[in-house]
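Structural overview
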Amino acid sequence: MNIAVKSPFEEKKANKLQSTRIAGKLVNDYWEMVWRAKDEGKLVCWYEGSAINPFLEAADICWVHGEAYSAMLAARHQEGTAQRVAEERGYMRELCSYARTHLGCAVSNQRLRGDNAAAAPDEDDLTWKLPPPDMIISAYAYCSTGQQWDEMTSRVFGKKIPIFNVSLPWIWGAKPDAGYLRGQEWEETSTYVERQLYDMVKFIEERTGKPYPWDRLHALMADIKRASELRLEAMELCTAQPAPASFFDWVVSIAPINNLPVPGVKQYFETVLAEVRQRVKDGEGAVPEEKYRLFFDGIMNWNKVGWLANKFARWDAAVVAGRYTHMAFWQEPGLIDPEKPVRGMAQNYLICPNNHAAPILIDLIMGLCRKFKVDGMVIHASRTCRAFTNPQFMIADTAHKQLGIPTSMFEGDVTDESFYKDELLNSRVEAMLEAIEHRRMAAAA
Amino acid sequence: MKKHVMGVDFGSTTAKTVILDLQGNIVAHSVAHMGAVSGNGVKQSMAKALEMAGLTQADIGRTVSTGYGRRMLDEADKSYTEITCHARGAVAMVPGARLVIDIGGQDSKVISVDSNGLVSQFAMNDRCAAGTGKFLEVLARAMEIDLEDMGDTALRAKEKLKISSMCATFAETEVISLLAEGHPKTDVLGAVHKAIATRTLGLVGRVGKKGPVVMTGGVAKNPAAVHYIKEELQMPLTLPDNPQIAGALGAALIGLDDYKAENKRLLISGDEDMAHEEQMAADKACIPGCRGVPELATNPHEKQPVKARTSPAPEVAHSH
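Residues numbered from 1 in each chain as written. Chains lettered and ligands numbered in written order. Predicted model: local features only at pLDDT ≥ 70, side-chain atom pairs only at ≥ 80, totals over all residues.

**A short note on the overall build of chain B**
Put simply, the rule is: In this description a helix means any DSSP run of H or I spanning at least four residues, a strand means any run of E spanning at least two, and both kinds are numbered starting from the N terminus. Buried, partly exposed and exposed are defined by the number of other C-beta atoms within 10 Å of a residue's own C-beta, namely 20 or more, between the two limits, and 12 or fewer respectively, with C-beta atoms placed from the backbone. With C-beta atoms placed from the backbone, a contact is any residue pair whose C-beta atoms sit within 7 Å.
Each helix and strand in chain B was counted, giving nine helices and 10 strands. The buried share of chain B, reckoned over its 320 residues, is 45%. For chain B, the proportion of contacts with a sequence separation of at least 24, taken over those separated by at least 6, is 66%.

Shown next as structure tokens:
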């Protein structure tokens, strides 16, 4: 047995879902729409964190999700300029790199469209292209950086942009009746957030000067609910061996479910589900030769999605599930009543994977590990996302004690590539796979 | 079939080579100090070990590499990570060990080993070399003291000073500042070694404290590091004779397992050997049971000649 690949360039690639190419096109179309928004006379809302975009889409407001823009830049390896600009402004490297990248875009935008106007930039440079906001809505679960990020954005635009804050409380889950989606705390917190969302709608009405089109929101949420069900069904099929799709396929599918225009999303996931079903029927896996099944805890390295997918394929490791993909992004569609969606939306915002106390969070993760029959866990400790990283030692410890599986942890980051060290990932994951292999050999002997 | 295997730990600051015979006995070992992952350093280490063993590379049946440079070694047939090799080597040196603390040139690792000697869980330092051999090298330069003398000097510390264990470079700044305040080198070095221990215990916490504990890696030769780690651990700490070669030893042992498995047909046990001898004797005997002394034949009444052999019996390679 030799996990380490003699040549790092050995040709074994991830067998990506073909249908995820459609996601790429949908993402491009969406950003083109955003860049045209001002020319088309639309109001623009900047927001981070929770997926409040259906509220905005229903009101025909152009929505810009900060993380999505930063992730898009990182995926295209164009994040460097924005990050440098933000650092020059004073936003240090230890700050959430989503925030730093997005603030860099905001600063660039102001330089070009406000004071300190510079020469017209290269059209291909996406750093400056975001249309400035007409409003900011801050609805960020758990992460205090998110709320301050919105405040800072408001300051970049001279504190002239109206800003609305939705407070999403932490789910302690400590009361005797508490549990996942149940208990008095759960009900009261849901009501608290629901009430604020109605206030947010009033804020939107004030901005647009029109009554809020509730029917439109109901229709959009009916589609999101269905899209989510399709996505979950497809992810569930990855309990098959070999797994037909990987965590990296689901990462690419985040944009459609999270922040793209709703028309087209349901059809996208119908296509994905059909392809996954066919692969299960054909016995086709997400990696050429599945020998190991892994759970991926942590947020994604957006600079490295394809690269990591291929790396794990070379190790014959199918990354079958992850906290970021399986415990987020409308993951409880059953809570949504399309005719009266606001409470269900509030509840889906509250179950952001960072917003539970450890007992509930870890329990959910262990459940996923059991369901997908994982052999080990890879933990990405994102340098600038403490929210995601905070419980990771406890997750690793519990995985080892409850499930008896080894874990390996590597540091990286969401969009700042400089925090990622390839050889450290290699040696840690290879060591974990060697440990799994040795145990199998010992068991077989 | 060759009679020796080799394990090479191609580390960040030193290269270690171990040569074993087919019974797993160490025939030779060597350590070469070098700069960053250096081809010359590892070749020196391998050449020295071969010379000590009176062998050439052609005599080696299997070479396994480990360490950060493991993929760079052309002579290696296979490579395994340091985690796997250090665990294997440490358990070979200290049978029954359940926790391995390895502090090397640039990384420190804590490995929990199960009752079968297999890696159960591990933790390593993240990116920063604080708490490793490199940390000590940097500070030795700053304090103008030989690396070999640091440990003994640190053991003479009287006052408990504090040094941040978070960054090797800034720790140097702290050391300079403490010396400038007039603190003696002994006390400052005591604080440096305490910082290593604190950093290491953080890793132990992630993996779980379970004895027996063995310490390997170059820093295990530093008596002050061992002292402070033992103090923080509050458990006995076993030091093998040659802690630095644990990785190379583990690599060689894994290589030996692989080599034996692949050449199983050429290797037989003592019982199999005797059974074969018995059969040969029976085949050769002119009368059944005769092993060259007819009076002692098992069945002296059956004095029937056996068909004579026209060619010598094939030689069997077997372990002694």
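**What about the overall build of chain A?**
Rule in force here: C-alpha atoms define the radius of gyration, and 2.2 Å times the number of residues to the power 0.38 defines the globule rule.
The secondary structure content of chain A amounts to 18 helices and eight strands. Its C-alpha atoms give chain A a radius of gyration of 22 Å, near enough to 22 Å, the size a compact globule of 445 residues would have. The buried share of chain A, reckoned over its 445 residues, is 52%. Long-range contacts, defined here as pairs at least 24 residues apart, represent 77% of the contacts in chain A between residues at least 6 apart.

**Remarks on the interface of chain A and chain B**
So the rule is basically this: Gly is placed with the polar residues, together with every amino acid not listed as nonpolar (Ala, Val, Leu, Ile, Met, Phe, Trp, Tyr, Cys and Pro) or charged (Asp, Glu, Lys and Arg).
The interface is formed by 19 residues belonging to chain A together with 19 residues belonging to chain B. Of all the elements, helix H18 (residues 422-444) of chain A adds the most residues to the side of chain A that touches chain B, at 11 residues. Broken down by class, the residue content of the side of chain A that touches chain B amounts to seven nonpolar, four polar and eight charged.

**Notes on the nonpolar core**
We apply this condition: By convention in this section, buried Ala, Val, Leu, Ile, Met, Phe, Trp, Tyr and Cys residues joined through C-beta atoms within 7 Å make up a nonpolar core. These domain boundaries are the output of an automatic or database domain assignment.
Ranked by size, the top nonpolar core spans 227 residues in total, and within it A:Cys45, A:Leu294, A:Val320, A:Met377, B:Val8 and B:Ala252 carry the most contacts. Ranked by the residues each element gives to this core, the list is headed by helix H6 (residues 185-207) of chain B, at 10 residues. The two domains that each donate at least three residues to this core are domain 1 (4-93 + 249-265) and domain 2 (99-239) of chain B. Not counting chain neighbours up to four residues away, the residues in contact with A:Cys45 comprise A:Leu56, A:Ile61, A:Trp63, A:Val64, A:Pro133, A:Asp134, A:Met135 and A:Ile137.

**Remarks on unusual backbone geometry**
Residues and elements named next belong to chain A. Omega for the peptide link from Gln241 to Pro242 comes to 5°, which places this bond in the cis form. Residue placement: Pro242 occurs in the loop between helix H8 (214-236) and helix H9 (247-252). A positive phi angle is found at Asp60, which is not glycine, with a value near 60°. Within the element layout of this structure, Asp60 appears in the loop between helix H2 (53-58) and strand S2 (62-65). The phi dihedral of Lys159 falls on the positive side, at around 55°, and the residue is not glycine. With respect to the secondary-structure elements, Lys159 resides in the loop between helix H6 (144-156) and strand S4 (163-166).

**Comments concerning the sheet that holds strand S8 (residues 407-412) of chain A**
Residues and elements named next belong to chain A. The condition is simple: DSSP-based pairing: two strands are paired if at least 2 bridges between them are found. Here an angle of 0 to 180 degrees is reported between the N-to-C directions of two axes, which are lines fitted to C-alpha atoms, with helices fitted over the stretch in contact.
On the basis of which strands lie adjacent, the open sheet formed by four strands has the order S6-S5-S7-S8 and parallel pairing. Both edges of this open sheet fall to strand S6 (317-322) and S8, since each of them pairs with a single strand only. With strand direction ignored, the average angle separating the axes of adjacent strands in the sheet is 30°. Relative to S6, strand S5 (residues 292-297) is paired through five bridges, and the arrangement is parallel. In the strand pairing of S6, Tyr292 is matched with Ala317.

**Some thoughts on helix H2 (residues 82-93) of chain B**
Residues and elements named next belong to chain B. Using the following cut-off: Here the expected span of a helix is defined as 1.5 Å times the quantity of residues minus one.
Over its 12 residues, H2 runs 16 Å from end to end, which matches the ideal 16 Å to within 8%, given 1.5 Å per residue. Burial within H2 is extensive, with 11 of its 12 residues counted as buried. Those residues of H2 lying buried are Glu82, Ile83, Thr84, Cys85, His86, Ala87, Arg88, Gly89, Ala90, Val91 and Met93.

**A short note on helix H15 (residues 358-371) of chain A**
Residues and elements named next belong to chain A. Counted only if it meets this: Taking the helix axis as origin, the arc is that swept by the directions to the C-beta atoms.
With 14 residues, H15 extends 20 Å from end C-alpha to end C-alpha; this agrees with the ideal 20 Å at 1.5 Å per step. Inspection of H15 places Leu361, Ile365 and Cys369 among the buried residues, and these make up the whole buried set. Each buried residue of H15 lies within a common arc of 75° when the element is viewed along its axis, so the set occupies one face. Positioned one or two residues after H15, Lys373 has a phi angle of 50°, which is positive.

**Section: the packing of helix H3 (residues 133-143) of chain B against helix H5 (residues 168-180) of chain B**
All names here are of chain B. Rule in force here: Comment on the angle field: the value is read as roughly parallel under 35 degrees, roughly antiparallel over 145, roughly perpendicular from 65 to 115, and oblique elsewhere. Should the near helix be turned anticlockwise from the far one by less than a right angle, the crossing is termed left-handed; should it be turned clockwise, right-handed.
At a closest axis distance of 10 Å, the pairing of H3 and H5 adopts a crossing angle of 30°. On the basis of the axis angle, H3 is roughly parallel to H5. The chirality of how H3 crosses H5 is right-handed. Contacts between H3 and H5 involve Lys134, Phe135, Val138, Leu139, Ala142 and Met143 from the former and Ala168, Ala171, Glu172, Val175 and Ile176 from the latter. Classifying every residue of the contact of H3 with H5 by side-chain character gives nine nonpolar, no polar and two charged.

**What about the confidence of the model for chain A?**
Interpretation of the predicted coordinates at a detailed level should be avoided for regions scoring low in pLDDT. What counts is decided by this rule: pLDDT is a per-residue confidence score from the predictor, ranging from 0 to 100.
Mean pLDDT over chain A works out to 92, with 96% of the residues at or above the 70 mark. Long-range and interchain partners of residues 4-9 of chain A, a stretch whose pLDDT sits below 50, account for nine contacts in this model, where long-range means more than four residues apart.

**As for the environment of B:Ala32**
Take B:Ala32: it is sitting in strand S3 (residues 26-33). Excluding residues that lie within four positions of it along the chain, B:Ala32 makes contacts with B:Thr14, B:Ala15, B:Gly41, B:Val42, B:Gln44, B:Ser45 and B:Lys48.

**Re the sheet that holds strand S1 (residues 44-49) of chain A**
Residue and element names in this part refer to chain A. The strand order across the open sheet formed by four strands is S2-S1-S3-S4, and the pairing between neighbours is parallel. Every interior strand has two partners, whereas the edge strands, S2 and S4, have only one. Each neighbouring strand pair of the sheet contributes to a mean axis angle of 20°, computed without reference to strand direction.

**Comments concerning the packing of H5(B) against H6(B)**
Residues and elements named next belong to chain B. Orientation of H5 relative to H6, taken along the N-to-C sense of each, is 155°, at an axis distance of 10 Å. Viewed along their axes, H5 and H6 adopt a mutual orientation that is roughly antiparallel. In this structure, H5 crosses over H6, and the sense of that crossing is right-handed. Two secondary-structure elements touch here, H5 through Ala171, Val175, Leu178 and Leu179 and H6 through Val188, Val192 and Ala195.

**Remarks on the pairing of S3(B)**
Residue and element names in this part refer to chain B. Note that strand S2 (residues 14-21) and S3 share seven bridges and pair antiparallel. Bridging across to S3, Ala15 finds its partner in Ala32. Count of turn residues in the S2/S3 antiparallel hairpin: four residues, of which Gly24 carries a positive phi of about 85°.

**Here's the deal with the confidence of the model for chain B**
The predicted model of chain B has a mean per-residue pLDDT of 84, with 84% of residues at 70 or higher. Note on the complex model: pTM 0.84, ipTM 0.75.

**So, the pairing of strand S3 (residues 135-139) of chain A**
All names here are of chain A. Short version of the rule: Look down the strands so they point away from you; if the path from the first strand over the helix to the second goes clockwise, the crossover is right-handed.
Judged by how many residues are buried, S3 sits mostly within the fold: five of five residues are covered. Neither face of S3 is open: one carries Met135, Ile137 and Ala139, the other Ile136 and Ser138, and all of them are buried. When S1 meets S3, the two strands line up parallel, connected through five bridges. Counterpart to Cys45 in the pairing with S3 is Met135. Assessed by its sense of winding, the connection that carries the chain from S3 through H6 to S4 is right-handed.

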